[in-house]
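Fold and geometry: a report
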Amino acid sequence: MSLWAIGTIAGALTGGVMYHAFSSSIQTRAANVSTALHECSIAMVVPPPPGPVPASQRIEERPFTELVKRKWNEEIESAWGAALHYDYAGLWSRSKGYAGELIDRAKSS
């Protein structure tokens, strides 16, 4: 056989093998995508299983503890309110007056 015939046959065989390999790869990928899409569509139709009970429903009520917490919060709130509305300027002037009286007593004795 001539080199031309051998080259032509080898090229045809190589082309056929490459065509078959690409065709098989594309078919496999298409089948995988089709299967995945089918599974997704089924998952969208079937309702999900029930989840765990929310934490708000799992916590049991403790009336005494809640009472203690509420009283604590009320005491903190009243102390904070008293601190906000206290007359600090008057406290400073009274303190200066008391300090002055103590100094005067110390000087006179």
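What counts as what
Residues numbered from 1 in each chain as written. Predicted model: local features only at pLDDT ≥ 70, side-chain atom pairs only at ≥ 80, totals over all residues. Heavy atoms only, no water. Helix = DSSP H or I, 4+ residues; strand = E, 2+ residues; numbered from the N terminus. Rg over C-alpha atoms; globule rule 2.2 N^0.38 Å. Buried < 20%, exposed > 50% of the residue type's maximum accessible area, 1.4 Å probe, protein only. Domains from an automatic or database assignment. Salt bridge = Lys/Arg side-chain N within 4 Å of Asp/Glu carboxyl O. Patch = residues over 30% accessible without salt bridge, like charges linked within 9 Å, V, L, I, M, F, W, Y side chains within 5 Å. Areas by Shrake-Rupley, 256 points an atom, 1.4 Å probe, with all protein chains shown as cover.

Focus: the overall build of the protein
Per the secondary structure count, the protein includes four helices and zero strands. Counted from the first residue to the last, the protein has its helices and strands arranged as α-α-α-α. On C-alpha atoms alone, the protein measures out to a radius of gyration of 45 Å, which is more than a quarter above the 13 Å that the 2.2 N^0.38 rule sets for 109 residues. Reported as C-alpha extents along the three principal axes, the dimensions of the protein are approximately 140 × 45 × 20 Å. Counting the 109 residues in the protein, one finds 2% classified as buried.

Some details on the environment of S95
Here S95 is to be found in helix α4 (residues 88–108). Residues S95 and R29 lie 66 residues apart in sequence; the distance between their C-alpha atoms is 88 Å.

Let's talk about the environment of E61
Position of E61 relative to the elements: it lies in the loop between α2 (55–58) and α3 (63–84). Each C-alpha atom, one on E61 and one on S41, is 43 Å from the other, the two residues being 20 residues apart in sequence.

Quick word on the domain arrangement of the protein
Domain annotation of the protein identifies domain 1 (1–47) and domain 2 (61–108). Computed from C-alpha atoms alone, the centre-to-centre distance between domain 1 and domain 2 is 85 Å.

Notes on the pattern of salt bridges
Where charged atoms from two side chains of opposite charge approach closely, those side chains can pair. Tallied over the full model, the rule gives two salt bridges. Linking R62 and E60 is a salt bridge whose minimum nitrogen-to-oxygen distance equals 3.9 Å. Across the salt bridge formed by R70 and E74, the nearest N and O atoms sit 3.9 Å from each other. Here R70 and its partner E74 are both found in helix α3, four residues apart, which amounts to about one turn of the helix. Residue class for R70 comes out partly exposed when judged on its relative accessible area of 44%.

Brief notes about the environment of H38
Inspection of the secondary structure assignment puts H38 in helix α1 (residues 3–45). Counting along the chain gives 31 residues from H38 to G7, while the straight-line C-alpha distance between them is 46 Å.

A word on a nonpolar patch on the surface
Residues M18, F22 and I26 make up a contiguous nonpolar surface patch of roughly 350 Å² in combined accessible area. Relative to the elements of secondary structure, M18 occurs in helix α1.

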